[in-house]
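Coordinate inspection notes
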Amino acid sequence: MTTLTTTDAPKAAPAARRAAPVERRARRRSASLGLLAWVVGIAFCLPAIWMLLTSFHAEPDAATNPPSLTAPLTLDSYRAFFGTGGGASPWPPLINSLTSSVFSTLFVLVLALPAAYALSIKRVEKWTDVMFFFLSTKMLPVVAGLLPVYLFAKNIGMLDNVWLLVILYTSMNLPIAVWMMQSFLADVPVSIIEGAQVDGARLPTVLTRVVAPIAAPGIAATALICFIFSWNELLFARVLTGVTAQTAPVFLTGFVTSQGLFLAQLCAASVVVSVPVLAAGFAAQDKLVQGLSLGAVK
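These numbers were taken from a predicted model, which means no experiment stands behind them.

Rules used in this analysis
Residues numbered from 1 in each chain as written. Predicted model: local features only at pLDDT ≥ 70, side-chain atom pairs only at ≥ 80, totals over all residues. Heavy atoms only, no water. Helix = DSSP H or I, 4+ residues; strand = E, 2+ residues; numbered from the N terminus. Buried < 20%, exposed > 50% of the residue type's maximum accessible area, 1.4 Å probe, protein only. Contact = heavy atoms within 4.5 Å. Areas by Shrake-Rupley, 256 points an atom, 1.4 Å probe, with all protein chains shown as cover. Core = buried A, V, L, I, M, F, W, Y, C linked by side-chain atoms within 4.5 Å. Axes fitted to C-alpha atoms, helices over the stretch in contact; angles between N-to-C directions. Left-handed = near helix turned anticlockwise from the far one by under 90°. Nonpolar A, V, L, I, M, F, W, Y, C, P; charged D, E, K, R; others polar. Patch = residues over 30% accessible without salt bridge, like charges linked within 9 Å, V, L, I, M, F, W, Y side chains within 5 Å. Salt bridge = Lys/Arg side-chain N within 4 Å of Asp/Glu carboxyl O. Lys, Arg positive; Asp, Glu negative; His and termini not counted. Charge placed at Lys NZ, Arg CZ, Asp CG, Glu CD. Parallel < 35°, antiparallel > 145°, perpendicular 65-115°, else oblique. Phe/Tyr/Trp six-rings, centres within 6.5 Å; stacked < 30°, edge-to-face > 60°. Expected span 1.5 Å × (residues − 1). Bend = angle between axes of the 7 residues up to and from the residue.

1. Looking at the overall build of the protein chain
Within the protein chain, the secondary structure is distributed over 14 helices and two strands. Across the 298 residues in the protein chain, those meeting the buried criterion constitute 33%. Counted over contacts in the protein chain with a minimum sequence separation of 6, partners at least 24 positions apart contribute 77%. Surface summary for the protein chain: the accessible area is close to 17700 Å², and the carbon and sulfur share equals 70%.

2. Some thoughts on the nonpolar core
Formed by 30 residues in total, the largest nonpolar core has its most connected members in Tyr117, Leu185 and Ile193. Those elements giving two or more residues to this core turn out to be α4 (91-120), α5 (127-136), α7 (162-185), α8 (190-198), α9 (203-214) and α10 (216-232). With residues near it in sequence (within four places) discarded, Leu185 still touches Leu113, Ala116, Tyr117, Ser120, Ile121, Val211 and Ala215.

3. Quick look at the packing of α4 against α7
Look at α4 against α7: their axes get within 6 Å of each other, and the N-to-C directions meet at 35°. Regarding α4 and α7, the two cross each other, and that crossing is right-handed. For the contact of α4 with α7, the class distribution of residues is 21 nonpolar, eight polar and no charged.

4. Remarks on a positive patch on the surface
On the surface, Arg24, Arg25, Arg27, Arg28 and Arg29 cluster together into a positively charged patch. Within the secondary structure, Arg27 is located in helix α1 (residues 9-55).

5. Description of a nonpolar patch on the surface
Together, Leu98, Val102, Phe103, Leu106, Phe107 and Trp163 make up an exposed nonpolar region whose accessible area comes to about 520 Å². Sort the elements by how many residues they give to the nonpolar patch and α4 lands first, with five residues.

6. As for unusual backbone geometry
A negative phi holds for most residues other than glycine; trans holds for most peptide bonds. With a phi close to 60°, Asp160 is a non-glycine residue in the positive phi region. The topology assignment puts Asp160 in the loop between α6 (146-155) and α7.

7. Some points on the packing of α10 against helix α13 (residues 263-283)
The geometry of α10 relative to α13 is characterised by a closest axis approach of 10 Å and an angle of 175° between their N-to-C directions. The angle between α10 and α13 falls in the class roughly antiparallel. Here α10 contributes Leu224, Phe227, Ile228 and Trp231 to the contact with α13, which in turn contributes Val273, Pro276, Val277, Ala280 and Gly281. Its residues assigned to classes, the contact of α10 with α13 comprises eight nonpolar, one polar and no charged.

8. Focus: the packing of aromatic side chains
Aromatic ring pairs: the centre-centre distance and the angle between the two ring planes describe each pair. If you walk through the whole model with that rule in mind, you get eight aromatic pairs. Joined through ring pairs, the aromatic side chains of Phe81, Phe82, Trp91 and Phe251 make up one cluster.

9. A few points about the environment of Ala63
Turning to its location among the elements, Ala63 is positioned in the loop between α2 (59-62) and α3 (76-81). With a relative accessible area of 60%, Ala63 lands in the exposed category. Considering only alpha carbons, one finds Ala63 and Leu263, 200 residues apart in sequence, at a separation of 6.9 Å.

10. What about α4?
In a regular helix each residue adds 1.5 Å, so 30 residues correspond to 44 Å; α4 covers 42 Å between its end C-alpha atoms and thus fits that length. Considering bend angle alone, the principal kink of α4 is centred on Ala112 and spans about 25°; proline Pro114 follows within four residues of it.

It is worth stressing that arrangement in space is one thing and function is another; only the former is reported here.
As structure tokens, this is what we get:
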């Protein structure tokens, strides 16, 4: 064991004194960055917090300029949103949004998993060209395809049909899902797949019992993003639906009428419509962070 002699002590003391200010500066820098992160995070959350607060105000208080922070709180806007005052019920649009988002996300996962497997593990010839072809499908502006889709849906009698939205959302989210899952599946060890194939496992078994459990964080992240995109989509839902297949974002636009803007009711409706997305994100937050950190941004 090495011991510090008395002659070495004068040399060690100045080094320790020089290290102390460096450590203090590092701690101050870390504290400053942490405080800045909190400020930026709160600034990003302020619009949502303001929307939540406004939803508990009466319409006259919500319409004041500048808005009043001390106005009395009430649940009248939520009662009006859920139709207790005789208005339209929000449950059919919410169910339509849930149906189109959930089913389209499931279909996307079923189609994207084998496609990503073929592009990452059992790579097809010119797989990079295939990937760029998927990406090129997102370069067309959505509004440019709106009229052809409308005419096609009209000719086959599928206007105001929630399953038309399921098909559209599946086709719109599939390229993104393939891109994300290809990156996730590239991290799956090939030796495990080859071992399963030696044991006699066929492709469906390999995908469901070997690849899917290993790539579960990436699949969860992909599913959450596809669900959010489907839930928030407005343009196609606005044009292709009427009453039967109306979705929640389309229902929200009904609060902006010729009689004025019902700000408190709109904020209450926005809070309710945001709850499923927030709940899904909160439930899958660990998988989302793990999946994005492992594959999508590497």
